[in-house]
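# Chain and residue survey
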Amino acid sequence: MGNSDLIFAVAGVGALLAAVLPQVLRKRPFSLPLACLVVGVLLYLLPLDLPRLDLVAHRAAVEHVTEICVLISLMGAGLAINRPFGWRNWASTWRLLIWTMPLTVAAVAGAAWLLLGWPFAAVLLLGAVLSPTDPVLASDVQVGEPVDSEKADDEVRFTLTSEAGLNDGLAFPLVYAAIALALAGGSGWIAEWALVDLLYKCGIGVLCGLLMGKVLGRMFFRARTADLRLAEHRDGFVALAATFLAYGLTELAQGYGFIAVFVTACTIRAAERTHGYNGVLHGFIEQIERLLTAWLILLLGGFVAGGGLAALTWRGAAVALLLLLVVRPLTGWLAGLGGRAGPRERGVTAFFGIRGIGSLFYLAYALGQADFGVPAQELWAVVAFTILASVALHGVTATPVMARLDRMRARAAEKTSGEPAAQHL
C-alpha cells in the first residue's frame, strides 16, 4: 500500500468520525475532539507509514490550515448567535474581553517568565497565543442551531460563543506586540503599535465586517432580482463565500480579518432573524468545521504519538496547567462579578476557557515573523500540551456539566410558573 493510499484512508476515517461521533457521544462525557485525539494517537502507534506532523518543519502549512479552520468556525459561531448585538445584551462578553483576556496574557507571561526564564518577547508571545478561547473545539458549550427566538441562548452558551468569536481576532494586536518587541526591542515600537496594530486594524475589521454583512444580508434576503436573492435557492456553500470575501477584503485593507468574519456573520444573522436560510448557512458551515476539526485533531494525535512533546519540561507543563486550572477560572470568575449570570453560571463560564486551533495558528504565524530567542520546539511543546490538556479536561467535563446546568435551569423555570429559565443559577 502506498503512502498516498494511507493518507486517503486516514482522511476517510476522520470524515467518518466527524459524521458518526457527534451522535454517538451526544450524552456521554467524551467530546468529538477528544475521541479524534485518541484515535489519532492509536493510528500513529500502528506500524503504518503515515506522514508525520512536524510543527517546526511544516510551520507554513500549519499556519494556513489552522487559519482556514478558525475562519470557518468564526462564521459558524456568528451565524448561530440568536441574541441581538448590543452593549447590554452582550455585557457578559465585554467583561471577559476587557478583564479576563488581558489578565490572562499578563498571568501566563508572568508564569512563563518565572518558571521558564524565557526572554520577555517569548513570554509575551506565549501569553498572547494562549489568550483566546477557541470556537473550533468549544462546540459542546456553544449555542446550537439558529432559531427564531432572540432569547433562546442561555447565558453560559451565549457568553462562551461570543467570547470565542471575538477574542480570536483581538489576540492579533497582542501577538503583533510580541513580534515588535522581538524585532525592535526597547519601547520605541509602542506608539506605532497602538495606532496601527491596535486601533486601526481592529477598527477596519469591525467596519469591513459590518459593511460586508449589510451588503450580503440585503443580497441574500431582499435583493430585487429573484436570481440574486440567494435565500430562495438554499445553497449552504454561500457561507464559505461570505467567509472568504470578508476575510480577504479586510486583510487587503490591512484590517483584522478574523474580527471581520465574525462581525459579518452576526450582521447577516441580524438581517433576517426568522428566515430558515440562516439554518441552511449554519448547517453547511458546521459540517465543514467538524470535518476540518476531525482531521486536524487526528494529526495532532499523530504529533503526540511521534514524540512531538519531547521538548516539554515540567515547568512548561506547569504553565499550561496554571492557565487551565487557575488563571482562566479565577479571571473569568472575577470578570463575571456583578453581571447578569448567577454564581453557578459564572463558575461554568469561567471554567470552560477552551484553548485550541487558534493558538496553533497564532504561534505558527508569529514564528514566521521573528526569532523569539527560544527554540521553536519548546514553544510548540508548551502550546500543544496546553491544547491537549484542554481537549482532555474540557472534553470529559463539558457534557455532564452542561447537562446538569440545563436541568437546574429547567427546574428553576418550573418554579417560576412557566416563565423563561432563570438567569441567575
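This is a predicted model, so every value here is computed, not measured.

## Description of the overall build of the protein
Each helix and strand in the protein was counted, giving 14 helices and zero strands. Taken from N to C terminus, the helices and strands of the protein fall in the order α-α-α-α-α-α-α-α-α-α-α-α-α-α. For a compact globule of 425 residues, the expected C-alpha radius of gyration is about 22 Å, and the protein comes in at 21 Å, within 12% of that figure. Expressed as lengths along the three principal axes of its C-alpha atoms, the size of the protein is roughly 55 × 55 × 50 Å. Across the 425 residues in the protein, those meeting the buried criterion constitute 54%. For the protein, restricting intrachain contacts to residue pairs at least 6 apart in sequence, the fraction spanning at least 24 positions comes to 82%. By element, 65% of the accessible surface of the protein is carried by carbon and sulfur atoms, the whole surface being about 18000 Å². A gap of 9 Å separates the mean positions of the 31 positive and 30 negative side-chain charges of the protein.

## Describing the packing of helix H12 (residues 343-351) against helix H14 (residues 376-415)
Orientation of H12 relative to H14, taken along the N-to-C sense of each, is 165°, at an axis distance of 11 Å. Between H12 and H14, the interaxial angle falls into the category roughly antiparallel. Crossing of H12 over H14 shows left-handed handedness. Between H12 and H14, the contacting residues are Arg 344, Glu 345, Val 348 and Phe 351 on the first element and Leu 393, His 394, Thr 397, Val 401, Met 402, Leu 405, Met 408 and Arg 409 on the second. When grouped by side-chain class, the residues that make up the contact of H12 with H14 number seven nonpolar, two polar and three charged.

## Examining a positive patch on the surface
Side chains of Arg 344, Arg 404, Arg 407, Arg 411 and Lys 415 sit close together on the surface and give a patch of like positive charge. No other element matches the four residues that H14 contributes to the positive patch. Its place among the elements puts Lys 415 in helix H14.

## Considerations on unusual backbone geometry
Glycine aside, negative phi is the norm for most residues, and most peptide bonds take the trans geometry. Although it is not a glycine, Arg 234 sits at a positive phi angle of roughly 65°. Following the sequence through the fold, Arg 234 ends up in the loop between helix H7 (190-222) and helix H8 (238-252). Given a relative accessible area of 42%, Arg 234 falls into the partly exposed group. One non-glycine residue, Gln 254, lies in the positive phi region at around 65°. If you trace the backbone, Gln 254 turns up in the loop between H8 and helix H9 (257-271).

## Here's the deal with the environment of Leu 103
Assignment of secondary structure puts Leu 103 in helix H4 (residues 91-116). Linking Leu 103 and Leu 296, residues 193 residues apart in sequence, is a C-alpha distance of 29 Å.

## Here we look at the side chain of Arg 157
Here Arg 157 is to be found in helix H6 (residues 155-184). Taking relative accessible area as the criterion, Arg 157 reaches 16% and is therefore assigned buried. In this view, Arg 157 contacts Val 141, Gln 142, Val 143, Met 402, Asp 406 and Arg 409; residues no more than four positions away in its chain are not counted.

## Let's talk about a nonpolar patch on the surface
A cluster of nonpolar side chains, contributed by Leu 321, Leu 322, Leu 325, Val 326, Leu 330, Trp 333, Leu 334 and Leu 337, occupies part of the molecular surface with about 680 Å² of accessible area. Relative to the elements of secondary structure, Trp 333 occurs in helix H11 (residues 314-336).

## A closer look at the environment of Gly 86
Following the sequence through the fold, Gly 86 ends up in the loop between helix H3 (59-80) and H4. A relative accessible area of 16% means that Gly 86 is categorised as buried. For the pair Gly 86 and Ile 72, spaced 14 residues apart in sequence, the C-alpha to C-alpha distance is 24 Å.

## Some remarks on the packing of aromatic side chains
The geometry of an aromatic ring pair is captured by two quantities: the separation of the ring centres and the angle between the planes. What the rule picks out here adds up to 24 aromatic pairs. Centre to centre, the rings of Trp 90 and Phe 158 are 5.2 Å apart; their planes meet at 85°, and the pair counts as edge-to-face. With Trp 90 in the loop between H3 and H4 and Phe 158 in helix H6, this pair connects stretches of sequence that are 68 residues apart. The class for Trp 90 is buried, based on a relative accessible area of 1%. What links up through ring pairs into an aromatic cluster is the set Phe 172, Tyr 176, Tyr 247, Tyr 256, Phe 258, Phe 361, Tyr 362 and Tyr 365. Across the ring face of Phe 158, the terminal group of Arg 83 is positioned such that the distance to the ring centre comes to 4.0 Å. Stacked on the ring of Trp 333, the Lys or Arg Arg 346 has its end atom at 4.2 Å from the ring centre.

## Points about the nonpolar core
In summary, soluble globular proteins display a tendency toward joint burial of nonpolar side chains. Trp 118, Leu 125, Leu 126, Phe 220 and Phe 372 are the most contacted members of the largest nonpolar core, which totals 104 residues. In this structure Leu 126 touches Val 108, Ala 112, Trp 118, Val 319, Val 382 and Val 383, once residues within four positions along its chain are discounted. Counting 11 residues, the second largest nonpolar core, distinct from the first, contains Trp 90, Val 143, Phe 158 and Phe 262.

## Here we look at the pattern of salt bridges
Here the structure, examined in full by the defined rule, presents nine salt bridges. A salt bridge links Arg 222 to Glu 272; its shortest N-O distance comes to 4.0 Å. Separated by 50 residues along the polypeptide, Arg 222 in helix H7 and Glu 272 in the loop between H9 and helix H10 (277-305) bring together distant segments of the chain. You can call Arg 222 partly exposed: its relative accessible area is 40%. With relative accessibility at 27%, the residue Glu 272 sits in the partly exposed group.

## Focus: the confidence of the model for the protein
Note that predicted coordinates carrying low pLDDT should not be read in detail. Chain-level statistics for the protein give a pLDDT mean of 90 and a share of 96% at 70 or above. Mean pLDDT values over the elements of the protein span from 85, in helix H1 (residues 3-24), up to 97, in helix H5 (residues 120-129).

Criteria and cut-off values
The residue count restarts for each chain, going from 1 along the sequence in the order it is written. Local features in a predicted model are, by the rule used here, given only for residues with pLDDT of at least 70; side-chain atom pairs are given and counted only at 80 or more, and totals for whole chains, interfaces and linings are based on all residues. Hydrogens and water are ignored here; the side-chain numbers use all heavy atoms of the structure. Secondary structure follows DSSP: runs of H or I at least 4 residues long count as helices, runs of E at least 2 residues long count as strands, and numbering of each begins at the N terminus. We compute the radius of gyration from the C-alpha atoms alone; for a globule the expected value is 2.2 Å times N to the 0.38, where N is the number of residues. Summary of the burial criterion: residues with accessible area below 20% of their type's maximum are buried, those above 50% are exposed, and those between are partly exposed, where the area comes from a 1.4 Å probe applied to protein chains only. We call two residues in contact when some of their heavy atoms are within 4.5 Å. Accessible surface area values rest on a Shrake-Rupley calculation with a 1.4 Å probe, where residue burial reflects the displayed protein chains alone. Neither His nor the chain termini are counted; the positive set is Lys and Arg, and the negative set is Asp and Glu. By convention, charge coordinates are those of NZ in Lys, CZ in Arg, CG in Asp, or CD in Glu. Each axis is a line fitted through C-alpha atoms, and for a helix only the stretch in contact is used; angles between axes span 0 to 180 degrees, taken between their N-to-C directions. Angular relationships are summarised with four words: roughly parallel below 35 degrees, roughly antiparallel beyond 145, roughly perpendicular across 65 to 115, and oblique for the angles in between. Left-handed describes a crossing whose near helix is turned anticlockwise from the far helix by less than a right angle; the clockwise case is right-handed. Amino acids are sorted into nonpolar (Ala, Val, Leu, Ile, Met, Phe, Trp, Tyr, Cys and Pro), charged (Asp, Glu, Lys and Arg) and polar (every other residue, Gly among them). Patch rule: a residue counts if its relative accessible area is over 30% and it has no salt bridge; like charges are joined within 9 Å, and nonpolar side chains (Val, Leu, Ile, Met, Phe, Trp, Tyr) within 5 Å. Salt bridges are defined by distance alone: a side-chain nitrogen of Lys or Arg within 4 Å of a carboxyl oxygen of Asp or Glu. A pair of Phe, Tyr and Trp rings is counted when the ring centres sit within 6.5 Å of each other, with Trp represented by its six-membered ring. The angle between the planes then sorts it: under 30 degrees is stacked, over 60 is edge-to-face, the rest tilted. Whether a charge sits over a ring comes down to the Lys NZ or Arg CZ being within 6 Å of the ring centre and within 35 degrees of the ring normal. Take the buried Ala, Val, Leu, Ile, Met, Phe, Trp, Tyr and Cys residues and link them wherever side-chain atoms come within 4.5 Å; each set so joined is a nonpolar core. pLDDT is defined as a per-residue confidence score from the predictor, taking values between 0 and 100.

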